[in-house]
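Here is how the chains run, residue by residue.
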Amino acid sequence: MTFTFSKKEKLKSQKLIEHLFSQGKTVVAYPLRLVYIETTFGDDVRAKVGVSVSKRHFKHAVNRNRIKRLMREVYRLNKGDYFNNSSTQYALMILYIGKDGTDFETINSKMRLLFDKFIKETSLD
RNA sequence: CAAGUAAUUCGCCUUAUCGCUCAAGUUUAAUAUUUGGGAGGAAAGUCCGAACACCAUAGUGCAACAUAGUGGUUAAUGGCCACCAGUCGUGAGGCUAGGAAAAGUGCAACAGAAAGUAUGUACAGGUAAUGCUGUAGUGAAACCAGGCAAACUCUAUGUGGUGCAAUGUCAUGUAUACCAACGUUUGAGGGCUGCACGCUCGAUUGUUGGAGGGUAGACAGCUAAAAUGUGCUGGUAACAGUACAUUCAGAUAAAUGAUAAGGGCUUUUUCUUUUUAGAAUUCUUUUCUAAAAAGAAAAGUACAGAAUUCGGCUUAUAGAUUUACUUGCUUA
């Protein structure tokens, strides 16, 4: 039921992104890094997510697109396990900080690890 | 058949599951659902030329930059086509930095005494005397001469700037020029404070409304056009004209994807089988070598992702494909 990933779940507001990078907290599971912050949206969604890949490490747009698509796909398939019971709303930004190419399996396992850490951090607060 | 030259076309496919985005229809409080569309030959580099938009703009000259045989083509070009010349190649063809050296400045590897403020050596001639004269020698070139303009320069021609993050429309919040109404030196309002009193600042003022400006954001620009395909006509060609058909991405932290299974294609290696040829042999057979075909396994399946739109150029690219031509060999 929750495998969709529509426009409303994407992080698009420039203001919010600036706020996120200046105030947000960080969790790392190499080669991924998650920046997150509690916030509120007008919409009825639990989290808004953006993904990013450094232009410095991946010169060609094809490779950047490939990694961003993989990250979005993995988030789409796994988000039900982490956000269904959450009551607060989060703005998230997932960054790929590795320098080499990757595949679906590594991104999948690393992102599950990343969100395990994220859940642990937020439940402590 | 082999080696090559010039061009052409293509550049993975199918199914299942889960998604993304745009348009249209139906439907809701959010939305849901149906149907259809959804990357390239270079979308890349951003190197030329245009369209379009805004800004600037009397005229002329200088500077800077670009171009450089002749003719044609185009919306335009520094692109493209044809021809001439030079040059490389046996050839098909390739390449060209193809204006000017009697305007001036500068440069010239190797060789050579010296590549212009010079004149050495040897021999010969000549003089009062002297590189004064000739020859030899080096070199592409050795003094009333030439080469180089991928050196400055000169000549001719051309060029305003910024790019869709252009530009236009709407506009929440915050601060506020200006205008109006109301309040206010008989103290409005602010600060200290939970409130009152009190203290203090205080007319460059407070509240409300209008209005302007235009940040977040939204919409337009924004995809039907110098469009694409096929045929015919004109032209050596680039290209032009014409008839018919087609509608073919519009995202914006930026869609066009992910996973699984199967199939193509390619190359090399390994293994197996079959056929042919040759060699060895105990001449039924067996073994070895070479070539071809089939099958199996493994590996590979490129370069690369629209961002206002076109015409070019340049660069990257696994592999496949077709056409024309050249050279060599063989056969008739």
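Keep in mind it's a predicted model, so treat the numbers as computed, not measured.

1. Description of the nonpolar core
Within soluble globular proteins, side chains that are nonpolar tend to cluster in buried spots. If you look at the biggest cluster of nonpolar residues, it comprises 26 residues, and the most contacted ones within it are L34, M71, F83, L92, I94, M111 and F115. Of all the secondary structure elements, the ones that give two or more residues to this core are strand 1 (25-29), strand 2 (32-39), strand 3 (47-53), helix 2 (61-83), strand 4 (89-96) and helix 3 (104-124). In contact with F115, not counting residues within four places along its chain, are L34, Y75, Y82, F83, L92 and I94. With eight residues, the next largest nonpolar core counts L20, V35, I37 and M93 among its residues.

2. Some thoughts on the pattern of salt bridges
Using the criterion set out here, one finds one salt bridge in the structure. Taking the shortest distance from any N to any O, the salt bridge between R76 and E73 comes out at 2.5 Å. Highlighted residues: R76 and E73, both in helix 2, separated by three residues, approximately one helical turn.

3. Remarks on the protein's contact with RNA strand B
Near RNA strand B, the surroundings consist of 24 residues, among which K7, L11, R66, R72 and R76 are the closest. Backbone atoms, meaning sugar and phosphate, form 75% of the atoms of RNA strand B found within 4 Å of the protein. For RNA strand B, a phosphate oxygen lies 3.4 Å from a polar atom in the backbone of A61. The separation between a phosphate oxygen of RNA strand B and a polar side-chain atom of R69 is 2.8 Å. Of all the secondary-structure elements, those providing two or more residues to the surface near RNA strand B are helix 1 (14-23) and helix 2. Classifying every residue of the surface near RNA strand B gives nine nonpolar, five polar and 10 charged.

4. Comments concerning the pairing of strand 4
Where burial is concerned, most of strand 4 is hidden: eight out of the eight residues are buried. By the alternation rule, side chains of strand 4 split into Q89, A91, M93 and L95 and Y90, L92, I94 and Y96, which are all buried. Where strand 2 lies against strand 4, eight bridges are found, and the strand directions are antiparallel. Each residue of the ladder has a partner; that of I37, found in strand 4, is A91. In this sheet, strand 4 lies alongside strand 3 in parallel orientation, the contact comprising seven bridges. Counterpart to S52 in the pairing with strand 4 is L95.

5. A closer look at the pairing of strand 2
Pairing analysis gives five bridges linking strand 1 to strand 2, with the strands arranged antiparallel. Bridge pairing links V28 to R33 in strand 2.

6. Re the packing of aromatic side chains
Any two aromatic rings considered together are summarised by their centre-to-centre distance and by the angle between their planes. Applying the stated criterion across every chain, the model contains six aromatic pairs. Measuring from ring centre to ring centre gives 6.2 Å for Y36 and Y90, while their planes differ by 70°; the resulting arrangement is edge-to-face. On the criterion of sequence distance, the pair formed by Y36 in strand 2 and Y90 in strand 4 is long-range, its members being 54 residues apart. Across this residue pair, the class does not change: Y36 and Y90 are buried. Clustering of aromatic rings is evident, with ring pairs tying together Y36, Y75, Y90, F115 and F118.

Cut-offs used in this document
- Residues numbered from 1 in each chain as written.
- Chains lettered and ligands numbered in written order.
- Predicted model: local features only at pLDDT ≥ 70, side-chain atom pairs only at ≥ 80, totals over all residues.
- Heavy atoms only, no water.
- Core = buried A, V, L, I, M, F, W, Y, C linked by side-chain atoms within 4.5 Å.
- Buried < 20%, exposed > 50% of the residue type's maximum accessible area, 1.4 Å probe, protein only.
- Helix = DSSP H or I, 4+ residues; strand = E, 2+ residues; numbered from the N terminus.
- Contact = heavy atoms within 4.5 Å.
- Salt bridge = Lys/Arg side-chain N within 4 Å of Asp/Glu carboxyl O.
- Near = heavy atom within 4 Å.
- Polar contact = N/O pair within 3.5 Å; in protein donor to acceptor, adjacent residues only side chain to side chain.
- Nonpolar A, V, L, I, M, F, W, Y, C, P; charged D, E, K, R; others polar.
- Pairing = 2+ DSSP bridges.
- Phe/Tyr/Trp six-rings, centres within 6.5 Å; stacked < 30°, edge-to-face > 60°.

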